[in-house]
Amino acid sequence: MTRDTKIANDTPPPAAMLSNKHLLGIQGMPIPEINALLERAHFFADRPKTLFADVLANITVLNMFFENSTRTRVSFELAAKRLGASVLNISVNSSSVKKGETLIDTATTLNAMRPDILVARHHASGAPLLLSQHVDAAVINAGDGRHEHPTQALLDALTIKRSLGKIAGLKIAICGDIDNSRVARSNLYLLSALGADVRFVSPATLVSPYFSEMGVPVYTDMEQGISGCDIIMMLRLQTERMEGRETPSQHEYFHFFGLDTRKLQKAAPNAFIMHPGPMNRGVEIDSKIADDNSKSLIRTQVELGVATRMACLEAIAGASTRVRI
Ligand code: CP
C-alpha cells in the first residue's frame, strides 16, 4: 500500500469515516483514516467558506478549553460555524471550575445538556480520554498536557503535503523542547506513519532517552540535526511545564538551538520552516526567518487549521451518529 496517497480534487473526496467515536490522538490511528481526513481537509481548504453551511446543521459543539489557546480554539469555532453547527465556548475562568468543581463533574454537567461533540484542551495528559469515558458526546482532543495534539499534526501534515506535494521520503527535523511538547509526539506518529524520515533536535535536557530507545534519531547539535532537512519544525520553549533547570538562559538557548539564517544554511536548499505557535521570537526562532514568507509556512499552518478541523468535526459527527444509531 502506498502510504502517501495523491491529494487531488478531480472528484470531491467523501467525508472521512473514522472507526473511533472520539479523536484522542494520532498514535494507532489507521493510515487510511489519516489520509481520508487530509484529503477532505484539502478539499475544504480550496472551496468558498459559505459552501458547507448545512453539513452539521443539527450538531452542537462545545469548546472546553482548560488551558489558554488562540489558534486551536478560534479555528475549531470557525470550522464548526462554517459547517453550520451550533457552537458554545465554555470560559473556564468564569465557570464553576473556579469554585472547585472537578473536571468530571463539569463534563457530566455539560453532557446533561446533550452536546454532540466536546472539544477539550487540558493541561493534564489523558484528560480527554477520561472525559470520553464519562460523557455521551464524542470528544476531540485539542491538546492534553505533554501527550498529543492530533489536529495540530493533521494540519501540519496538510501544510507539508500542499507545499511539497508529498510527505513520504522527506527529511523532517522537529527541533526544541521535545519533552514538553504534545505537538512533537503527534507529528512523530503521523509523519512517520506517512513515510517521512523524522528526527528530533534538542538539548539533552529537553529530550528523554526514551525517544532514542524507541528508534527516533535524536541530535543534540542543531546544525548536524537539521543538515539536509526539507522541513524544520521549531517548537516553543514551554516554560510553563518546566522546573527551571532545563536551559541555562533564553539567550544561550537561542545561540545553540534558535533557528537563525546561519544555522538554516545547513538545511536542504529549499527547506521550509514551520512552527505551531505561539512563537517566542528571538528564543527558538529569529523573526527574520519566521516572517520570510518564501521560507516560512507558519501563516499557512494557521490558515489550514480551519479546513483541517472542518474535516475532523465532520468525520466525528458522522462517527458519533453511526454509534448512536
Ligand atoms: N498551536 C496551538 O495549539 O496554538 P494555540 O495554543 O494558540 O491553540
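Since the structure is predicted, the reported quantities are computational estimates derived from the model, not experimental observations.

### Examining the environment of T300
Okay, so step 1: By secondary structure assignment, the location of T300 is in helix α12 (residues 298–324).
Okay, so step 2: You can call T300 partly exposed: its relative accessible area is 27%.
Okay, so step 3: The spatial distance from the C-alpha of T300 to the C-alpha of R162 is 9.8 Å, given a sequence separation of 138 residues.

### What to know about the sheet that holds strand β9 (residues 272–274)
Okay, so step 1: Taken in spatial order, the 5 strands make up an open sheet running β7-β6-β5-β8-β9, and their pairing is parallel. With partners counted over all chains shown, the strands left at the sheet margins are β7 (218–219) and β9, one partner each.
Okay, so step 2: Sheet analysis places strand β8 (residues 231–234) next to β9, joined by 3 bridges and oriented parallel. If you follow I232 over to β9, its bridge partner there is I273.
Okay, so step 3: Taken strand by strand, helix α6 (residues 182–193) contacts β5 (171–175), β6 (197–201) and β8, and its axis lies near 160° from that of β6.

### Things to note about the pattern of salt bridges
Okay, so step 1: Using the criterion set out here, one finds 9 salt bridges in the structure.
Okay, so step 2: Here D291 ties to R281 by a salt bridge, and the two come within 2.9 Å at their closest N and O atoms. Of this pair, D291 sits in the loop between α11 (287–290) and α12 while R281 sits in the loop between β9 and α11, and the two are 10 residues apart along the sequence.
Okay, so step 3: Residue classification places D291 among the partly exposed residues on the basis of a relative accessible area of 46%.
Okay, so step 4: Among the residues examined, R281 registers a relative accessible area of 43% and is labelled partly exposed.

### Notes on the domain arrangement of the chain
Okay, so step 1: Under the domain assignment, the chain is made up of domain 1 (31–149 + 303–324) and domain 2 (151–298).
Okay, so step 2: Taking only C-alpha atoms, the centre of domain 1 and the centre of domain 2 are 26 Å apart.
Okay, so step 3: Every contact between the two is made by 27 residues of domain 1 and, on the other side, 25 residues of domain 2.
Okay, so step 4: Counting the surface lost from both domain 1 and domain 2, the interface buries some 2,200 Å², and carbon and sulfur atoms represent 58% of this.
Okay, so step 5: Counting the surface domain 1 buries against domain 2, the share from its top three residues, L38, R146 and H149, is 32%.
Okay, so step 6: Linking domain 1 with domain 2 are 2 salt bridges.
Okay, so step 7: Across the pair R182 and E67 runs a salt bridge whose closest N-O atoms are separated by 2.8 Å.
Okay, so step 8: Linking domain 1 with domain 2 are 12 residue pairs in polar contact (both at pLDDT 80 or more).

### Things to note about the packing of aromatic side chains
Okay, so step 1: Per the stated rule, a full pass over the model turns up 6 aromatic pairs.
Okay, so step 2: A centroid spacing of 6.0 Å and a plane angle of 45° characterise the contact between F43 and F44, whose relative ring orientation is tilted.
Okay, so step 3: Put simply, the rings of F43, F44 and F52 touch in pairs and so form one group of aromatic residues.
Okay, so step 4: In this structure, K263 packs its charged tip against the face of F254, placed 5.7 Å from the ring centre.

Calculation rules
- Residues numbered from 1 in each chain as written.
- Predicted model: local features only at pLDDT ≥ 70, side-chain atom pairs only at ≥ 80, totals over all residues.
- Heavy atoms only, no water.
- Helix = DSSP H or I, 4+ residues; strand = E, 2+ residues; numbered from the N terminus.
- Buried < 20%, exposed > 50% of the residue type's maximum accessible area, 1.4 Å probe, protein only.
- Pairing = 2+ DSSP bridges.
- Contact = heavy atoms within 4.5 Å.
- Axes fitted to C-alpha atoms, helices over the stretch in contact; angles between N-to-C directions.
- Salt bridge = Lys/Arg side-chain N within 4 Å of Asp/Glu carboxyl O.
- Domains from an automatic or database assignment.
- Buried area = accessible area lost by both parts, 1.4 Å probe.
- Polar contact = N/O pair within 3.5 Å; in protein donor to acceptor, adjacent residues only side chain to side chain.
- Phe/Tyr/Trp six-rings, centres within 6.5 Å; stacked < 30°, edge-to-face > 60°.
- Lys NZ or Arg CZ within 6 Å of the ring centre and 35° of its normal.

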